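Per-entry structural report
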Amino acid sequence: MLTPMLASLLPLLLLCRISFCQYSSDQCSWKGSGLTHEGHARDVEQVYLRCSQGSLEWLYPTGAIIVNLRPNTVSPAAARLSVCVKPSTDSSGTNIYLDRNGKLRLLLREQDQAQGKVHCFSIQEGALFIEAVARMDISRRITAFQYELVSDRLGAEAHSLGAPCQPCSDAEMLLAVCTNDFVARGSIKKVEQEEEHSSVTVQISHLYRQKTRVFVSAGVRVRTWTGHIKMPLQCGVRSGEGEFLFTGTVRFGEAWMGCAPRYKDFLRLYHDAQQQGTNPCHVDTD
């Protein structure tokens, strides 16, 4: 039920059709309101997002919007990107579909969004078609999610329940050291099985790079770091002796494991490639 105050203001808002639709300056994010859409609810508004990550917030949804993810790149590699969407746990009021040439495939029902789980799909599968669930009372309904564009191997597979856990090839391993969000040398201290993934607690002795603060310093005088890296349950990761080279991506603030060879195996591979002149980048192995 609308409060008496909101009930009195709503007709005025609809009559005035106050414009409430804004992008971030670089079109990474979009925020809009169904209050300006009520008078033409049969129309489908087109939204364009052009960054590798951002967010969407649709207040009081009515009708439908189509969200086109168009990254600002002309590289052929853009066709091999995956899109990962993480709805807010307060998100409601819509069903979310994938729209490819007018054919819809359900991605997220309204009741599924409150779980806040990450869902990934290939960018080639189409745009997001977000349709409001018909209700007499649209108050307190907000559809909100974050999105990220990621590489096929390190993105969609990490969040897929049926993700294969294939070992990285030599070329993939060397490239991961140059391009991944984090690269660190260390050991596995503990593995915990959670609902849909494993959480690996690691202690880092050499931190080469990290995109965000995935690994936290253990102290000013101690040059070690600790952190947690997620992996699909199917990979069956276990605690092990020795040092590893951990690489991977950061998705929605969480670290996901990519290639993780034993450090001695990486050293052998790296030095062989160095002699052949095929290393894609330099790594300090001292």
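- As recorded in an unreviewed UniProt entry, the protein chain goes by Meteorin-like protein and comes from Seriola dumerili.
- Word for word, the UniProt comment on the protein chain under Subcellular location (unreviewed entry) is "Secreted".

1. Some details on the pattern of salt bridges
- Under the definition given, this model contains seven salt bridges.
- With a closest N to O distance of 3.8 Å, Glu-110 and Arg-141 form a salt bridge. Of this pair, Glu-110 sits in helix H2 (residues 110-113) while Arg-141 is found in the loop between strand E10 (127-132) and strand E11 (142-151), placing the two residues 31 residues apart along the sequence.
- The buried category is assigned to Glu-110, whose relative accessible area is 13%.
- Here Arg-185 ties to Glu-243 by a salt bridge, and the two come within 2.8 Å at their closest N and O atoms. Linking Arg-185 in strand E12 (residues 182-193) with Glu-243 in the loop between strand E15 (225-232) and strand E16 (244-251), this pair joins segments that are 58 residues apart in sequence.
- Given the relative accessible area of 30%, Glu-243 is considered partly exposed.

2. Quick word on the nonpolar core
- The biggest cluster of nonpolar side chains holds 24 residues, and the ones touching the most others in it are Leu-56, Val-67, Leu-128, Ile-130, Phe-145 and Tyr-147.
- Sorting the residues of this core by element identifies strand E3 (44-49), strand E4 (53-59), strand E5 (64-69), strand E6 (81-87), strand E7 (94-100), strand E8 (103-108), E10 and E11 as the ones contributing at least two each.
- Beyond its immediate chain neighbours, meaning those up to four positions away, Ile-130 contacts Leu-56, Trp-58, Gly-63, Ala-64, Ile-65, Val-67, Thr-94, Asn-95, Ile-96, Thr-143 and Phe-145.

3. Some words on unusual backbone geometry
- With a phi angle near 50 degrees, Tyr-60 is a residue other than glycine that sits in the positive phi range.
- Even without a glycine there, the phi angle at Asn-101 is positive, about 55 degrees.
- By secondary structure assignment, the location of Asn-101 is in the loop between E7 and E8.
- The class for Asn-101 is exposed, based on a relative accessible area of 75%.

4. Re the side chain of Ser-91
- Within the secondary structure, Ser-91 is located in the loop between E6 and E7.
- Polar side-chain contacts of Ser-91 include one of 2.5 Å to the side chain of Gln-113.
- Within the structure, Ser-91 has its side chain in polar contact with the backbone nitrogen of Ala-144 (distance 3.1 Å).
- With near-sequence residues (within four places) excluded, Ser-91 lies in contact with Glu-110, Gln-113, Ala-114, Ile-142, Thr-143 and Ala-144.

5. What about the environment of Gln-115?
- As for its placement among the helices and strands, Gln-115 is situated in the loop between H2 and strand E9 (119-122).
- For the pair Gln-115 and Thr-89, spaced 26 residues apart in sequence, the C-alpha to C-alpha distance is 5.9 Å.

6. Some words on the state of the cysteines
- Tallying each qualifying case throughout the model produces four disulfides.
- Across a sulfur-sulfur distance of 2.1 Å, Cys-28 and Cys-51 are joined as a disulfide pair. Handedness of the Cys-28-Cys-51 disulfide follows from its S-S torsion of about -70 degrees: it is left-handed. Here Cys-51 lies in the loop between E3 and E4 and Cys-28 lies in the loop between strand E1 (21-23) and strand E2 (29-33), a separation of 23 residues in the sequence. Neither residue differs from the other here; Cys-28 and Cys-51 are each classed as buried.
- Note that Cys-168 is cross-linked by a disulfide to Cys-259, the S-S spacing being 2.0 Å. Judged by the sign of its S-S torsion, about -95 degrees, the bond between Cys-168 and Cys-259 is left-handed. Taken as a pair, Cys-168 in the loop between helix H3 (156-159) and helix H4 (170-179) and Cys-259 in the loop between strand E17 (254-257) and helix H5 (263-276) lie far apart in primary sequence, 91 residues in all.

7. A few points about the pairing of E2
- Counting buried residues along E2, four of its five residues qualify, which places the element largely inside the surrounding structure.
- Alignment of E2 against E4, held across five bridges, turns out to be parallel. Bridge assignment links Ser-29 to a residue of E4, and that residue is Ser-55.

8. Thoughts on the environment of Ile-142
- As for its position among the elements, Ile-142 is in strand E11.
- Among the residues examined, Ile-142 registers a relative accessible area of 29% and is labelled partly exposed.
- Note: C-alpha distance between Ile-142 and Asp-90 (52 residues apart in sequence) is 7.5 Å.
- With residues near it in sequence (within four places) discarded, Ile-142 still touches Glu-57, Trp-58, Leu-59, Asp-90, Ser-91 and Ser-92.

About the thresholds
Residues numbered from 1 in each chain as written. Predicted model: local features only at pLDDT ≥ 70, side-chain atom pairs only at ≥ 80, totals over all residues. Heavy atoms only, no water. UniProt positions renumbered as here; feature names shortened; annotations may be inferred. Salt bridge = Lys/Arg side-chain N within 4 Å of Asp/Glu carboxyl O. Helix = DSSP H or I, 4+ residues; strand = E, 2+ residues; numbered from the N terminus. Buried < 20%, exposed > 50% of the residue type's maximum accessible area, 1.4 Å probe, protein only. Core = buried A, V, L, I, M, F, W, Y, C linked by side-chain atoms within 4.5 Å. Contact = heavy atoms within 4.5 Å. Polar contact = N/O pair within 3.5 Å; in protein donor to acceptor, adjacent residues only side chain to side chain. Disulfide = S-S within 2.5 Å. Pairing = 2+ DSSP bridges.

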